[in-house]
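Fold and geometry: a report
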Amino acid sequence: MEKENIFNIPNALTLIRILITFPLIYLIFTDASILYIAIIFIIGMLTDFFDGFIARNFNLKTEFGRKFDMFADRVLIIGTAVSFLIKLFISKKIIKEQIFQIILILSREIILFPVILIVFILKRKIIFPQVRIIGKATTLFQSISFPLVLLNNYYSFLSFSVYFAIFTGILGLISSFCYTKDIIKETKNLKPIE
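Presented here is an overview of the structure given in this document. Please read these numbers as outputs of a predicted model, since none were measured by experiment.

Counting 26 residues, the largest nonpolar core has I37, F41, F84, I102 and F146 as its most contacted members. Those elements giving two or more residues to this core turn out to be α1 (9-29), α2 (34-57), α3 (63-91), α4 (96-105) and α6 (133-152). Considering every element that reaches this core, the biggest residue donor is α3, with 6 residues. By size, the runner-up hydrophobic cluster in this structure holds 6 residues, among which are V115, V119, I127 and Y179.

Between the first and last C-alpha of α1 there are 31 Å, a value that for 21 residues agrees with the 30 Å anticipated at 1.5 Å per step. Among all positions of α1, only P10, N11, L13, T14, R17, I18, I20, T21, L24, L27 and I28 are buried. On its buried face, α1 is in contact with α2 and α3. Regarding α1, its N-cap is N8, as a side-chain oxygen of that residue lies 2.9 Å from the backbone nitrogen of N11 further along. Looking one or two residues beyond α1, the residue adopting positive phi is D31, at roughly 60°.

Okay, the pattern of salt bridges next. Any two side chains of opposite charge can pair if their charged atoms end up close together. This model, assessed by the stated rule, comprises 12 salt bridges. For R17, the salt bridge identified is with D69, shortest N-O distance 2.6 Å. Within this pair, whereas R17 is found in helix α1, its partner D69 is found in helix α3, the two being separated by 52 residues in sequence. There is no split in this pair, since R17 and D69 are both buried. A salt bridge links D48 to K136; the shortest N-O distance between them is 3.5 Å. Residue D48 is located in helix α2, and its partner K136 is located in helix α6; the two are separated by 88 residues in the primary sequence. The class of D48 is buried, set by a relative accessible area of 8%. According to the relative accessible area criterion, K136 is partly exposed, its value standing at 32%. Connected via shared salt-bridge partners are R17, D48, D51, D69, D73 and K136.

Negative phi values dominate among residues other than glycine, just as trans dominates among peptide bonds. Positive phi, normally seen in glycine, also occurs at N59, with a value near 55°. Tracing the backbone through its elements, the reader meets N59 in the loop between α2 and α3. Although it is not a glycine, R124 sits at a positive phi angle of roughly 55°. Structurally, R124 can be placed in the loop between α5 (107-123) and α6.

The residue T21 is located in helix α1 in this model. Leave out the neighbours within four places in its chain, and T21 touches V75, L76 and G79.

Inspection of the secondary structure assignment puts T187 in helix α7 (residues 161-187). Within polar-contact distance, the side chain of T187 engages the backbone oxygen of I183 at 2.5 Å.

The rules behind the values
- Residues numbered from 1 in each chain as written.
- Predicted model: local features only at pLDDT ≥ 70, side-chain atom pairs only at ≥ 80, totals over all residues.
- Heavy atoms only, no water.
- Core = buried A, V, L, I, M, F, W, Y, C linked by side-chain atoms within 4.5 Å.
- Buried < 20%, exposed > 50% of the residue type's maximum accessible area, 1.4 Å probe, protein only.
- Helix = DSSP H or I, 4+ residues; strand = E, 2+ residues; numbered from the N terminus.
- Expected span 1.5 Å × (residues − 1).
- Contact = heavy atoms within 4.5 Å.
- Polar contact = N/O pair within 3.5 Å; in protein donor to acceptor, adjacent residues only side chain to side chain.
- Salt bridge = Lys/Arg side-chain N within 4 Å of Asp/Glu carboxyl O.

Note that all results are geometric; they support no functional claim without further evidence.
In structure tokens form, the structure reads like this:
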């Protein structure tokens with residue numbers, strides 16, 4: 001198997017997405033402006049668009065990059081969402097509607113995490129299924145919905161965020177069903193651990 005060149009611009013952008021998560025978490029817990037937090041989150045999610053665009057159009061796609069991209073998405077989205085929830089719980093500013101919306105936005109991750117964990121326990125391998133359009137659409141709407149929910153906590157005119165959250169939740173359910181099928185299919189080709 002030919003060795004991949006993983007040192008390229010798309011993978012650098014993916015790494016930036018992971019690194020952005022840490023200052024975001026810091027800003028959340030230090031009561032920084034929610035507008036700044038939302039803007040930085042959006043910048044982080046934009047790297048997801050640009051890394052894929054550059055990889056496809058400049059023939060820089062790698063198997064490592066595909067897996068790294070999926071991992072980076074989860075780090076940014078889950079890291080930011082969980083930090084935001086913890087901060088709101090600590091400051092007692094959380095409202096049930098927000099919890100519900102964030103759960104909807106994370107529906108794909110909530111469903112897929114136990115599936116991936118079970119496969120890892122049984123097969124000692126993490127499966128990274130091929131990217132689907134529904135998966136990319138879910139990530140896109142997560143990157144729109146989550147900032148809206150964040151900002152809605154401070155700007156009441158953004159109450160329509162609930163509709164984005166519901167739509168993202170529906171996409172997440174469909175996406176998780178498709179990926180679960182792919183994971184199960186790939187798992188059948190793996191040898192059981194001895």
